[in-house]
Amino acid sequence: MSKHHIEMTINGRRHSGDVEARVSLSDFLRDDAGYTGVHVGCEHGVCGACTVIVDGKAVRSCLMLAVQAEGAQVTTVEGLAASDGTLHPVQQVLLEEHGLQCGFCTPGFVMTLAALTDGDAKPSEQQLVSALSGNVCRCTGYQGIRRAAKRLACNEAGENS
Ligand code: FES
Ligand code: FES
């Protein structure tokens, strides 16, 4: 089967590869680029575990073809913490609120929240909770995750945590 040469920026680094047209972005990120923080659960767009940020928007990378991300800016969970190890505010708040247990779903929750809270956006708690409705967690019961969303919402303290 013929392959397509694609190039994209992943976590600030250029990455190129040759892929068949049928290869999903999640498989390309994990198998070709080595970003195994992209977790693949359902592969049907249902669980949200594979969520990454593509050109500023949260996307389910199991539903996007790698060739569709040609030239894009892609961020995975590995790209959020600072180089000195300081956690991204979303990661820090999830940690403090005990918003994870086994951690399988966590990259997806983190990326969904980061896509909404990074930059100038000032989402409400309701907007954050509603965005998270597409992310499934089998362990936590969601209460810690909801507390984290509440703290990240600008309508709580007037600014992001
Ligand atoms: S693995 Fe992509 S939504 Fe479940
Ligand atoms: S922490 Fe285990 S699935 Fe969410």
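Placed above this text is the structure.
Throughout what follows, the structure given in this document is the object of discussion.

**Digging into the side chain of Thr51**
And then number 1: Tracing the sequence through the fold places Thr51 in strand β3 (residues 51-54).
And then number 2: Exposure remark for Thr51: the relative accessible area of 6% places this residue in the buried category.
And then number 3: At 2.6 Å, the side chain of Thr51 forms a polar contact with the backbone oxygen of Gly48.
And then number 4: Beyond its immediate chain neighbours, meaning those up to four positions away, Thr51 contacts Ala58, Val59, Arg60, Pro107, Gly108, Met111, Thr112 and Asn135.

**Describing the pattern of salt bridges**
And then number 1: Here the structure, examined in full by the defined rule, presents 5 salt bridges.
And then number 2: For Glu97, the salt bridge is made with Arg147, and the minimal N-O distance between the two is 3.0 Å. Within this pair, whereas Glu97 is found in the loop between α2 (89-96) and α3 (106-117), its partner Arg147 is found in helix α5 (residues 143-152), the two being separated by 50 residues in sequence.
And then number 3: Look at Glu97 and you get buried, because its relative accessible area is 14%.
And then number 4: Exposure remark for Arg147: the relative accessible area of 40% places this residue in the partly exposed category.
And then number 5: Across the pair Glu97 and Arg151 runs a salt bridge whose closest N-O atoms are separated by 2.8 Å. You can see Glu97 sitting in the loop between α2 and α3 and its partner Arg151 sitting in helix α5, a full 54 residues away along the chain.
And then number 6: A single salt-bridge network, built from bridges that share partners, covers Glu96, Glu97, Arg147 and Arg151.

About the criteria used
- Residues numbered from 1 in each chain as written.
- Chains lettered and ligands numbered in written order.
- Predicted model: local features only at pLDDT ≥ 70, side-chain atom pairs only at ≥ 80, totals over all residues.
- Heavy atoms only, no water.
- Helix = DSSP H or I, 4+ residues; strand = E, 2+ residues; numbered from the N terminus.
- Buried < 20%, exposed > 50% of the residue type's maximum accessible area, 1.4 Å probe, protein only.
- Polar contact = N/O pair within 3.5 Å; in protein donor to acceptor, adjacent residues only side chain to side chain.
- Contact = heavy atoms within 4.5 Å.
- Salt bridge = Lys/Arg side-chain N within 4 Å of Asp/Glu carboxyl O.

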